[in-house]
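Below, each chain spelled out in residue letters.
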Amino acid sequence: MSRDSIIRPVIITGMSGGGLSTAAKVFEDKGYFVSQNLPPQLILELIALAAQDGSPVDNLAIVSDVRARMFNGSLLGTVKQIRDMGHEPFVLFLEARDDVLIRRFDSVRRTHPLQDGDTLSLGIQREREELEGIRAAADVIIDTSNLSVHDLRRAVEVSVGQLPVDKQHVTVQSFGFKHGSPHDADIILDVRFLPNPYWIPELRNFRGVDKPVADYVLSQPGATEFVDKVVDLFGSMLGGYRHEGKDFITVGIGCTGGHHRSVAVSEALAARLREDESIDVRVLHRDLERD
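One structure accompanies this document, and this report is about it. (Residues numbered from 1 in each chain as written. Predicted model: local features only at pLDDT ≥ 70, side-chain atom pairs only at ≥ 80, totals over all residues. Heavy atoms only, no water.)

## With respect to the overall build of the protein chain
Move 1: From N to C terminus, the protein chain includes eleven helices and nine strands.
Move 2: Its C-alpha atoms give the protein chain a radius of gyration of 20 Å, within 12% of the compact-globule value 19 Å for 291 residues.
Move 3: Across its three principal directions, the C-alpha atoms of the protein chain cover 60 × 50 × 30 Å.
Move 4: With 291 residues in all, the protein chain has 51% of them scored as buried.
Move 5: Residue pairs in contact within the protein chain that sit at least 24 positions apart in sequence constitute 78% of those at least 6 positions apart.
Move 6: Taking the 33 positively charged and 43 negatively charged side chains of the protein chain as two groups, their mean positions are separated by 4 Å. (Helix = DSSP H or I, 4+ residues; strand = E, 2+ residues; numbered from the N terminus. Rg over C-alpha atoms; globule rule 2.2 N^0.38 Å. Buried < 20%, exposed > 50% of the residue type's maximum accessible area, 1.4 Å probe, protein only. Contact = heavy atoms within 4.5 Å. Lys, Arg positive; Asp, Glu negative; His and termini not counted. Charge placed at Lys NZ, Arg CZ, Asp CG, Glu CD.)

Structure, rendered in structure tokens:
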């Protein structure tokens, strides 16, 4: 296989306790060669090896957390050097709220790598400050605070996809406001102006992916007009996003519980957006199975 074309190594990074190991496992299951906690210089060497003619590695993912600071060079600088090599790195950043990270560390009785004898909260604060630069440069940020391990796997799979380099990637994510808004969404839209199928007994136990609920939601006054206007709005924004180098966009669609209205509208919006072949569109229903 010729390696003259661009390769897209995935850089998985983020907060300790944010789910980096789970994300790495997702990529392993998708057939990626996954390497963990390499110092910056070895990251460059590994990518150079993977890009050679005859390399057995077709897809490469590298996990790099804050412990790499012990070596010379920064992850942000490494990403720039990868681009200088002619490749297109994809940076996936995982994070969570402080209270969630503290609970996760307490449950496994681990010491934070930047704790240095101080409180766990101080270690987390230091890490956030140290990772500000690479977070700002990330292609996709996933807040794992409200995600189970299974939810995180789905979020990684949906957000990343097959990473074609010639398309913009749009994730349409339904959610319930009662579980909190997604912190990683670029745009958040509220569909609680539509009647709630929950109050119709024969629809309550269905979800927005089921035809009876979808038909009901989309037949309500203003529903299809809302989808039309969002498609038009999005079309006016995509060119600007591309100009600014933002190829990964997350649109959050919220209702009360994330079961009915937001799910149906998300599916309808994604179907409309897929009519544009320059966009890679995926759907994630964050709270579909949540009580």
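We are not done yet, so read on.
## What about the sheet that holds strand E7 (residues 187-190)?
Sheets are built from strands that pair by backbone hydrogen bonding, the pairs being arranged parallel or antiparallel.
Move 1: Reading across from one edge, E7-E8-E6-E9 is the order of the four strands in this open sheet, with parallel pairing throughout. With partners counted over all chains shown, the strands left at the sheet margins are E7 and strand E9 (279-285), one partner each. Across this sheet, the average inter-strand angle for adjacent strands is 20 degrees, counted without regard to direction.
Move 2: Relative to strand E8 (residues 248-255), strand E6 (residues 168-176) runs parallel, the two sharing eight bridges. Bridge pairing links His 169 to Phe 248 in E8.
Move 3: Seen against the sheet, helix H11 (residues 261-273) touches E6, E8 and E9 and runs at an angle of roughly 165 degrees to E6. (Pairing = 2+ DSSP bridges. Axes fitted to C-alpha atoms, helices over the stretch in contact; angles between N-to-C directions.)

## Re the sheet that holds strand E3 (residues 60-63)
Move 1: Spatially, the five strands line up as an open sheet ordered E2-E3-E1-E4-E5, and their pairing is parallel. Since the sheet does not close on itself, it has two edges, and those belong to strand E2 (33-36) and strand E5 (140-143), each with one partner. Averaged over all pairs of adjacent strands, the angle between strand axes in this sheet comes to 20 degrees, irrespective of strand direction.
Move 2: Bridge count for strand E4 (residues 90-95) against E5 is four bridges, and the pairing is parallel. Paired with Glu 95 across the two strands is Asp 143, which belongs to E5.
Move 3: Packing against the sheet, helix H2 (residues 40-50) makes contact with E2 and E3, and its axis sits at approximately 170 degrees to E3.

## Topic: helix H9 (residues 211-218)
Move 1: For H9, every residue scored as buried is listed here: Val 213, Ala 214 and Val 217. Summarising the axial view, the buried residues of H9 lie within an arc of 100 degrees, below the 170-degree limit, and thus occupy one face.
Move 2: Elements in contact with the buried residues of H9: helix H8 (201-204), helix H10 (223-243) and H11. (Arc of directions from axis to C-beta.)

## Quick notes on the side chain of Asp 143
Move 1: With respect to the secondary-structure elements, Asp 143 resides in strand E5.
Move 2: Among buried charged residues, Asp 143 stands out as having no salt bridge; its nearest opposite-charge side chain is Arg 97, 5.7 Å away.
Move 3: At a separation of 2.6 Å, a polar atom in the side chain of Asp 143 contacts the side chain of Ser 145.
Move 4: If we skip the residues at most four places from it in the chain, Asp 143 touches Glu 95, Ala 96, Arg 97, His 183 and Asp 184. (Salt bridge = Lys/Arg side-chain N within 4 Å of Asp/Glu carboxyl O. Polar contact = N/O pair within 3.5 Å; in protein donor to acceptor, adjacent residues only side chain to side chain.)

## What about the environment of Ala 185?
Move 1: Mapped onto the elements, Ala 185 comes out in the loop between E6 and E7.
Move 2: You can call Ala 185 buried: its relative accessible area is 18%.
Move 3: Sequence separation between Ala 185 and Phe 175 is ten residues, and the spatial gap between their C-alpha atoms is 11 Å.
Move 4: In this structure, Ala 185 is in contact with Thr 250 and Gly 252, ignoring residues within four places of it in sequence.

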